[in-house]
Amino acid sequence: MAIVHVTSENYEKEVLQSDKPVLIDFWASWCGPCQMLGPVIEEVSEEVTDVKFVKVSTEEAPELAEKFSIMYIPTLVLMENGTVVNKSTGFLQKEQILELLNTKNSKITRGN
């Protein structure tokens, strides 16, 4: 599944109106761990079809980063029906992302 780039203009349509849970990847072009996480997210998005994967550039959509109180990047936010159900900050391995997707409403996880 293709990863959708989300801005303030398409946030409601792509995230809030999604019929699937949505994993939002908050990132920036200058962030090394964000660049490392990108290919991992791509790989997971090809395997997991019941979740929509989107990316939000904190440089291009700072208002969305502020809305989610993003203090550090990369940050992954899992939303379902417009509600945050899980969140993680820092680089994650593929297995950790899969765990994040499967542990909705659990504790907030932190990557190493």
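Let me sum up the structure you'll find in this document.

The rules behind these values
- Residues numbered from 1 in each chain as written.
- Predicted model: local features only at pLDDT ≥ 70, side-chain atom pairs only at ≥ 80, totals over all residues.
- Heavy atoms only, no water.
- Salt bridge = Lys/Arg side-chain N within 4 Å of Asp/Glu carboxyl O.
- Helix = DSSP H or I, 4+ residues; strand = E, 2+ residues; numbered from the N terminus.
- Buried < 20%, exposed > 50% of the residue type's maximum accessible area, 1.4 Å probe, protein only.
- Contact = heavy atoms within 4.5 Å.
- Arc of directions from axis to C-beta.
- Core = buried A, V, L, I, M, F, W, Y, C linked by side-chain atoms within 4.5 Å.
- Phe/Tyr/Trp six-rings, centres within 6.5 Å; stacked < 30°, edge-to-face > 60°.

### Some remarks on the pattern of salt bridges
Enumeration over the complete set of coordinates arrives at 5 salt bridges. Here K55 ties to D25 by a salt bridge, and the two come within 2.8 Å at their closest N and O atoms. Taken together, the residues span a long stretch of sequence, with K55 in strand 3 (residues 52-57) and D25 in strand 2 (residues 22-27) at a distance of 30 residues. Each member of the pair K55 and D25 is classed as buried. Two residues, E43 and K94, come together in a salt bridge whose shortest N-O distance is 3.0 Å. A residue pair is termed long-range when its members are at least 10 positions apart, and E43 in helix 2 (residues 32-47) and K94 in helix 4 (residues 94-102) qualify at 51 residues.

### What to know about the side chain of T58
Considering the arrangement of structural elements, one finds T58 in the loop between strand 3 and helix 3 (62-67). Judged by relative accessible area, T58 falls into the buried class, the value being 17%. Aside from chain neighbours lying at most four places away, what touches T58 is F26, W27, A28, A65 and I73.

### With respect to helix 4
Residues of helix 4 that are buried include every one of K94, I97, L100 and L101, and no others. Projected down its long axis, helix 4 shows its buried positions confined to an angular sector of 120°, all on one face. Of the residues in helix 4, the exposed ones pointing more than 90 degrees away from the buried face are E95 and N102.

### Side note on the nonpolar core
Ranked by internal contacts, the top residues of the largest apolar core, which has 17 residues, are L23, L37, I41, F53, L76, I97 and L101. Elements represented by at least two residues in this core include exactly helix 2, strand 4 (75-80) and helix 4. At 4 residues, helix 2 tops the list of elements feeding residues into this core.

### Some remarks on the packing of aromatic side chains
Per the stated rule, a full pass over the model turns up 2 aromatic pairs. Pairing Y11 with F68 gives two aromatic rings, centres 6.1 Å apart and planes at 75°, and the pair type is edge-to-face. A residue pair is termed long-range when its members are at least 10 positions apart, and Y11 in helix 1 (residues 11-16) and F68 in the loop between helix 3 and strand 4 qualify at 57 residues. When sorted by exposure, Y11 lands in the same class as F68, which is buried. With centroids separated by 5.4 Å and ring planes inclined at 55°, the aromatic side chains of F26 and F68 adopt a geometry described as tilted. Taken together, the residues F26 in strand 2 and F68 in the loop between helix 3 and strand 4 connect sequence positions 42 residues apart. For the pair shown, F26 and F68 are each scored as buried.

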